[in-house]
Amino acid sequence: MLNLTGKNALVTGIANNRSIAWGIAQQLHAAGANLGVTYLPDDKGRFEKKVAELVEPLQPSLFLPCDVQNDAQVEEAFATVRDKWGRVDILIHCLAFANKEDLSGDFSNVSREGFNLALDVSAYSLIQLARAAKPLMTAGGAIVTLTYLGGVRVVPNYNVMGIAKAALEMNVKYLAAELGPANIRVNGISAGPIRTLASSAVGGILDMIHHVEQVAPLRRTVTQTEVGNVAAFLCSDLSSGVTGQILYVDAGYEIMGM
Ligand SMILES: NC(=O)c1ccc[n+]([C@@H]2O[C@H](COP(=O)([O-])OP(=O)(O)OC[C@H]3O[C@@H](n4cnc5c(N)ncnc54)[C@H](O)[C@@H]3O)[C@@H](O)[C@H]2O)c1
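These notes cover the structure that comes with them.

Scoring rules and cut-offs
- Residues numbered from 1 in each chain as written.
- Predicted model: local features only at pLDDT ≥ 70, side-chain atom pairs only at ≥ 80, totals over all residues.
- Helix = DSSP H or I, 4+ residues; strand = E, 2+ residues; numbered from the N terminus.
- Rg over C-alpha atoms; globule rule 2.2 N^0.38 Å.
- Buried ≥ 20, exposed ≤ 12 C-beta atoms within 10 Å, placed from the backbone.
- Contact = placed C-beta atoms within 7 Å.
- Near = placed C-beta within 6 Å.
- Nonpolar A, V, L, I, M, F, W, Y, C, P; charged D, E, K, R; others polar.
- Expected span 1.5 Å × (residues − 1).
- Arc of directions from axis to C-beta.

## Examining the overall build of the chain
A tally of helices and strands in the chain yields seven helices and seven strands. Starting at the N terminus, the α and β elements of the chain follow one another as β-α-β-α-β-α-β-α-β-α-β-α-α-β. Computed over C-alpha atoms, the radius of gyration of the chain comes to 17 Å, within 12% of the 18 Å expected from 2.2 N^0.38 for 258 residues, which places it in the range of a compact globule. Projected onto its principal axes, the C-alpha positions of the chain cover 50 × 40 × 35 Å. Here the chain, with 258 residues, has 47% of them falling under the buried criterion. Sequence separation of 24 or more characterises 75% of the internal contacts of the chain that already satisfy a separation of 6 or more.

## Section: the site of the ligand
Taken together, the neighbourhood of the ligand is formed by 27 residues, with Ala 15, Ser 19, Leu 95, Thr 196 and Ala 198 sitting nearest. Mapped by element, the contributors of at least two residues to the shell around the ligand are α1 (20–30) and β5 (141–147). Tallied by class, the residues present in the shell around the ligand amount to 19 nonpolar, six polar and two charged.

## Looking at the environment of Ala 182
Tracing the backbone shows Ala 182 in the loop between α5 (159–179) and β6 (184–191). In this structure, the C-alpha to C-alpha distance between Ala 182 and Thr 223, residues 41 residues apart in sequence, is 33 Å.

## As for helix α3 (residues 71–85)
With 15 residues, α3 extends 21 Å between its outermost C-alpha atoms, agreeing within 8% with the 21 Å of an ideal straight helix rising 1.5 Å per residue. Within the span of α3, buried status applies to Val 74, Ala 77, Phe 78 and Val 81. Burial along α3 is one-sided: seen end-on, the buried residues are contained in an arc of 90 degrees. Relative to its buried face, α3 has exposed residues pointing more than 90 degrees away, namely Ala 72, Ala 79, Asp 83 and Lys 84. Elements in contact with the buried residues of α3: β1 (8–11), β2 (34–39), β3 (62–65) and α4 (112–133).

## Points about the environment of Arg 112
Here Arg 112 shows up in helix α4. Sequence spacing of Arg 112 and Leu 95 is 17 residues, and the spatial spacing of their C-alpha atoms is 21 Å.

The following block contains the structure:
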């Protein structure tokens, strides 16, 4: 049985009730995990208030600001985790960002700044957070990140985020190789398209979803809960022999050639 009782799970990337991280947090909570939630702070504190209200029913024992572009804030967040929990068992990396103008039109128009921003927030951050979590995963651990098919094939408009996801997927493998001896497993979920705040920035996202609904073997796309269930599996002992993998949760779309 899938049981995460007694596990400390740090979840990044909840922005609202459409967030994939929200689907994951709910399933980890249902499996008995003790949750810590991080959020991206903004000047007016709107995100903080919104996310705090949303996650309140899951009674997270930690609720921390964590902008991955702010090294001092990340350090502070993990210092608090160390002081309050002592040990981390699960890390959910569920965040990405690129400028909207870099998510449509000609791929080659991406600026150096736009490229670096997308790669920094969406790919480097996994290395950064894994490095911070590593010394706290004293009883082994599971790290799960979120990727998309656009990291291995060309998907119109996904553009620079495809390059970031390609880097992210290789991060999964290099981190899995490094952290395996400490019994820390690192895996990715490649989710089918879901309507969220982040995906709304990708040009033609509704057409993408419609296409998947027509072509995927299951004739639909997936839900945040379905992704959450697989994340819970990847964080549990049921997947104790699995690391360095990208698991498709996409209603089967990835297998189709035409
Ligand atoms: N929605 C989809 O169709 C889909 C499909 C496959 C993979 N994904 C991936 O799932 C993950 C979650 O995205 P989502 O679709 O749930 O959208 P979302 O907008 O709900 O989540 C993105 C999160 O990234 C966070 N974020 C952005 N910049 C940050 C920073 N500097 N520091 C910390 N956090 C930051 C945002 O606050 C937000 O919580 C992303 O990696 C995304 O690429 C999404």
